[in-house]
Amino acid sequence: MRDPRHVDPRHWGLAALAAVLAVLPFVLPNSFYLDLTIRMAINAIIVLGLNLLIGFAGQISFGHAGFIGIGAYASAVLPTHYGVPPMLALGAGALAAGALAAAVSYPIFKLKGHYLAMATLGLGIILTIAFRNEAALTGGPDGMPVPTLEIFSVALSSDRQWYWVVAAMLVFSVWASLNLIDSPFGRALRALHGSEVASKVVGVDIARYKMAVFVMSAVFASIMGSVSAHYVGFVTPSVSEFFHSIELVTMVVVGGMASVFGSLVGAVLLTALPQLLATFEGWETVAFGGILILFMIVLPRGLVPTLAARLGKGG
Amino acid sequence: MLAEFFQYLFSGFTVGATYAMAALGFTLIYNASNVINFAQGEFIMLGGMLAVLFTQAGLPLPVAVLLAVAVPTLVGVVMEKTVIGPVKGADTVNIIIITIGASLVIRGLVQVTLGKNTRALPAFSGDAPITLLGAVLPSQSLWVTGGTAVVVLGLWYYFSRTMGGKAMLATAINRTAAQLVGINTGWVLTLSFALSAALGALGGVLVTPITMTSYDAGVMLGLKGFVAAVVGGLGNGMGALVGGLLVGVLEAMGAGYLSSAYKDAVPFVLILLILFFMPRGLFSAKTTERV
C-alpha cells in the first residue's frame with residue numbers, strides 16, 4: 001500500500017517546474033529572454049510527445065517536424081484563405097496530423113530501426129516539399145503570415161499573454177506525461193520497448209499501442225506547430241524540414257531517453273544553444289555539430305538519467 | 001515521343017549513377033558496423049567542392065580529381081578514428097546523431113572556408129553534347145556512368161578476389177566469427193569509412209559539371225543515396241547499384257512526365273511505397289527474424 005502522505009518525487013519536480021514558471025517572467029531581464037523561454041516551452045512540449053514515442057516505446061521518428069508543419073500551415077492557410085476561425089484551424093490541423101499518423105502507422109510500424117527511420121524521414125520530406133511547392137496556398141519557400149490567435153475572442157498579442165498560455169500548456173503536458181507513463185498504457189509502452197515478443201505473449205496489443213503513441217505525439221506536434229505559428233506570426237517550409245526533425249530527436253537524446261524532465265532539459269539546452277552560438281559568425285554550424293558529437297560520446301544516456309544515476313536515484 | 005523517353009532515361013541513369021555510388025558507400029559502412037552514415041552526402045559535396053577549388057587553383061584536372069577524392073577519404077578515416085570508433089556498440093540513435101554531428105561539422109567548415117556560393121566545374125571533355133537515340137546528353141554523362149561502372153567492377157574484384165575484401169565480407173556476415181579467425185575488424189571499420197568516403201567523393205567530382213555544387217548540396221544527395229540503399233535492401237551491394245539507378249530514372253521520369261517541382265519528392269514517395277509493401281527492400285533475402 002502506498003502511504004497517503006507519500007508524495008512521488010516526480011511530483012516535486014512538477015511543483016518545482018510550476019514555481020519556476022510562475023516566477024520567471026518577473027525576473028527575466030528583458031523581452032529577448034521572455035521570447036526565448038516561450039520558444040523553449042513550445043519545444044519542450046513537442047519533445048515530451050516525441051520522447052513518449054522514442055524513449056518509452058522505442059520507435060524512432062525522423063519526420064516529426066512534418067507534423068509541426070501540418071499544424072503551422074493549417075493555422076496559416078485555413079484562416080487566411082478560407083476564413084476558418086484560428087481555434088478551429090488548430091483543431092483541424094491536429095485532426096489531420098493525427099489521421100495521417102494513424103493512416104501510415106500500420107505499414108510504418110512493421111518496420112524497425114533504420115527502415116523505420118527512413119520511412120518517417122521520407123514522410124517529413126514529402127510534406128516539406130508540398131509546403132514549398134503549393135505556393136498559391138502556402139506562399140512557397142518565402143512562407144506566409146499567420147493571423148492572430150483568439151481564445152474566447154481575446155486576441156493573444158503580447159509576449160506576456162503568450163508566456164502564461166504556453167507555461168500553462170507545459171505544466172499540463174508534464175503532468176499528463178507523468179501520469180501517462182505510470183498508467184497501464186505507459187507500462188505497456190515500456191514493455192514493448194523491452195521486448196515486443198514478450199509483451200505480445202502477455203497480451204499487449206502491440207500494433208494498437210504503437211499507433212496510439214504515434215498519433216498522440218503527432219497531435220502534440222501539430223498543436224504546438226499551430227501555437228508556434230501564431231506566436232511567431234509567420235511560417236516558412238523550414239518548420240517541417242529534416243533538420244528540424246533531427247533537432248527534436250537530439251533534444252530527446254541529449255536530455256535523456258524515457259525521461260520526462262530530460263525532455264525539458266534537452267529542449268531548454270538545444271533551444272538556447274543556437275542563440276549562444278550565433279555570435280560565432282559562420283562557425284555556429286561547426287560548433288553545433290561538435291557539441292552534438294561530444295554529448296553523444298560523453299553522455300550517451302542523456303543528461304538527466306546520467307545525473308540521476310550519479311546521485312544514486314533511479315532515472 | 002520516344003526521344004523524350006530516352007532523354008529522361010539517360011539523364012536519370014546519370015544522376016542515378018551518383019546515387020548508386022552514395023548507396024554503395026552506405027552499404028559498405030552498414031555492413032562493416034551496422035551504422036548508417038548520415039555524413040555520406042557531405043563526402044559527395046566535398047568531392048565536388050574540392051575539385052572546383054583545386055582546378056581553380058590551377059592544378060591539372062587529373063591531379064585535382066585525385067586530390068578531391070584523397071582529401072575526403074582522409075576525412076572519412078579521421079571521422080571513424082575520432083568519433084565513430086570510440087562509441088562502438090552504442091545505440092542506433094546515438095550513432096546516427098554522431099554522424100549527423102559530423103556532417104554539420106564538415107558542412108560548416110566548407111561554408112566558412114569556401115563560402116556559400118554555388119560552384120561549377122567545367123566538363124572533363126568539353127561542352128559538345130552527344131546524341132544518342134534522339135536524346136541529347138552532356139558528354140559528362142559518359143564520365144559519370146563510366147566511372148560508376150569502373151567502381152562497381154573494382155569493388156566486385158576487391159570483394160571476390162582479394163583477402164582484404166573477403167575480410168570485409170566476413171566481418172559483415174559475422175563480426176565475432178571474423179575476429180576469431182584473426183581478422184582485424186577495427187581495421188575493417190576504418191577501411192569501410194575510407195572506401196565509402198572515396199566512393200562518395202568520386203561521385204561528387206564526376207557529377208558536379210552537370211549539377212553544380214554548393215556547401216549544402218550534400219543533404220539531398222546523401223538522403224537520396226540512403227533511399228537508394230534502402231530500396232535495394234540495406235547492406236546489399238548489387239541492390240545499392242540497382243536502387244541508385246532506379247531512383248535516378250524514376251526521379252527523371254517523374255520530373256519529365258509529372259511535375260518538375262515535385263522531382264525531389266519522387267524518391268521519398270517511392271521509398272514509402274516499397275517499404276510499405278516490401279519492408280526489407282527489393283533485393284534482400286527472405287530471412288526469418290530471430291528473437
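Calculation rules
Residues numbered from 1 in each chain as written. Chains lettered and ligands numbered in written order. Predicted model: local features only at pLDDT ≥ 70, side-chain atom pairs only at ≥ 80, totals over all residues. Heavy atoms only, no water. Core = buried A, V, L, I, M, F, W, Y, C linked by side-chain atoms within 4.5 Å. Buried < 20%, exposed > 50% of the residue type's maximum accessible area, 1.4 Å probe, protein only. Helix = DSSP H or I, 4+ residues; strand = E, 2+ residues; numbered from the N terminus. Contact = heavy atoms within 4.5 Å. Expected span 1.5 Å × (residues − 1). Axes fitted to C-alpha atoms, helices over the stretch in contact; angles between N-to-C directions. Parallel < 35°, antiparallel > 145°, perpendicular 65-115°, else oblique. Left-handed = near helix turned anticlockwise from the far one by under 90°. Nonpolar A, V, L, I, M, F, W, Y, C, P; charged D, E, K, R; others polar. Buried area = accessible area lost by both parts, 1.4 Å probe. Salt bridge = Lys/Arg side-chain N within 4 Å of Asp/Glu carboxyl O. Polar contact = N/O pair within 3.5 Å; in protein donor to acceptor, adjacent residues only side chain to side chain. Patch = residues over 30% accessible without salt bridge, like charges linked within 9 Å, V, L, I, M, F, W, Y side chains within 5 Å. Areas by Shrake-Rupley, 256 points an atom, 1.4 Å probe, with all protein chains shown as cover.

Engineer: If you had to explain the nonpolar core to someone new, which residues and values would you point to?
Structural biologist: Among the nonpolar cores identified, the biggest contains 178 residues, and Phe62, Phe67, Met118, Leu121, Leu170 and Val174 of chain A together with Phe38 of chain B are the most heavily contacted of them. If one sorts the elements of this core by residue count, helix H2 (residues 31-56) of chain A sits on top with 14 residues. If sequence neighbours within four positions are ignored, phenylalanine 38 of chain B has contacts with Phe62, Leu121 and Phe242 of chain A together with Ile96, Thr99, Ile100, Ser103, Leu223 and Phe226 of chain B. One finds Tyr8, Ala135, Leu137 and Val249 of chain B within the second-largest nonpolar core, a separate group that totals 8 residues.

Engineer: Tell me about helix H1 (residues 2-33) of chain B, and name the residues and values.
Structural biologist: The end-to-end C-alpha distance of H1 of chain B, which contains 32 residues, comes to 45 Å, matching closely the 46 Å that a straight helix rising 1.5 Å per residue would cover. Just downstream of H1 of chain B lies asparagine 34 of chain B, where phi reads positive at about 65°.

Engineer: Can you tell me about the packing of helix H5 (residues 113-133) of chain A against helix H11 (residues 266-277) of chain B, naming the residues and giving the values?
Structural biologist: Running from N to C, H5 of chain A and H11 of chain B cross one another at 140°; their axes reach a closest spacing of 9 Å. The orientation of H5 of chain A with respect to H11 of chain B, classified from their angle, is oblique. The chirality of how H5 of chain A crosses H11 of chain B is left-handed. Along the contact surface, H5 of chain A presents Tyr115, Met118, Ala119, Leu121, Gly122, Leu123, Ile125 and Ile126 of chain A, while H11 of chain B presents Phe268, Val269, Ile271, Leu272 and Leu275 of chain B. Tallied by class, residues from the contact of H5 of chain A with H11 of chain B come to 12 nonpolar, 1 polar and no charged.

Engineer: Requested: an account of the interface of chain A and chain B, with residues and values cited.
Structural biologist: Listed as interface residues are 41 residues of chain A and, on the opposing side, 43 residues of chain B. The three residues of chain A that bury the most area against chain B are His114, Tyr115 and Met118 of chain A, which together make up 21% of that side's buried surface. In this structure, the connection of chain A to chain B is made through 0 salt bridges. At the junction of chain A and chain B, the tally comes to 3 residue pairs in polar contact (both at pLDDT 80 or more). When contributions to the side of chain A that touches chain B are tallied by element, the ones reaching two or more residues are helix H4 (86-108), H5, helix H11 (242-255) and helix H13 (284-298) of chain A. Counting residues per element, the side of chain A that touches chain B draws most heavily on H5 of chain A, at 12 residues. Along the lines of polarity and charge, the residues of the side of chain A that touches chain B split into 30 nonpolar, 8 polar and 3 charged.

Engineer: Can you explain a nonpolar patch on the surface? Please cite residues and give values.
Structural biologist: Residues and elements named next belong to chain B. A surface patch of nonpolar side chains, amounting to about 860 Å² of accessible area, comprises Met238, Val242, Leu246, Leu250, Val269, Leu273, Phe277, Met278, Leu282 and Phe283. Of all the secondary-structure elements, those providing two or more residues to the nonpolar patch are helix H10 (237-258) and H11. With 4 residues, H10 is the single largest residue contributor to the nonpolar patch. Tracing the backbone through its elements, the reader meets valine 269 in helix H11. The exposure class of valine 269 is partly exposed, given its relative accessible area of 38%.

Engineer: Could you give an account of the packing of H2 of chain A against helix H7 (residues 159-182) of chain A, with specific residues and numbers?
Structural biologist: Residue and element names in this part refer to chain A. Between H2 and H7, the shortest axis-to-axis distance is 10 Å and the interhelical angle comes to 20°. In terms of their interaxial angle, H2 and H7 are classed as roughly parallel. As for how H2 packs across H7, the hand of that crossing is left-handed. Note on element contacts: H7 touches H2 through Asp159, Arg160, Trp162, Tyr163, Val166, Met169, Leu170, Ser173, Val174, Ser177, Leu180 and Ile181, opposite Ser31, Leu34, Asp35, Thr37, Ile38, Ala41, Ile42, Ala44, Ile45, Leu48, Leu52 and Phe56.

Engineer: Can you explain helix H5 (residues 140-161) of chain B? Please cite residues and give values.
Structural biologist: The end-to-end C-alpha separation of H5 of chain B is 31 Å, in line with the 32 Å expected for 22 residues at 1.5 Å each. Elements in contact with the buried residues of H5 of chain B: H1, strand E2 (135-137), helix H6 (163-173), helix H8 (185-211) and H10 of chain B.

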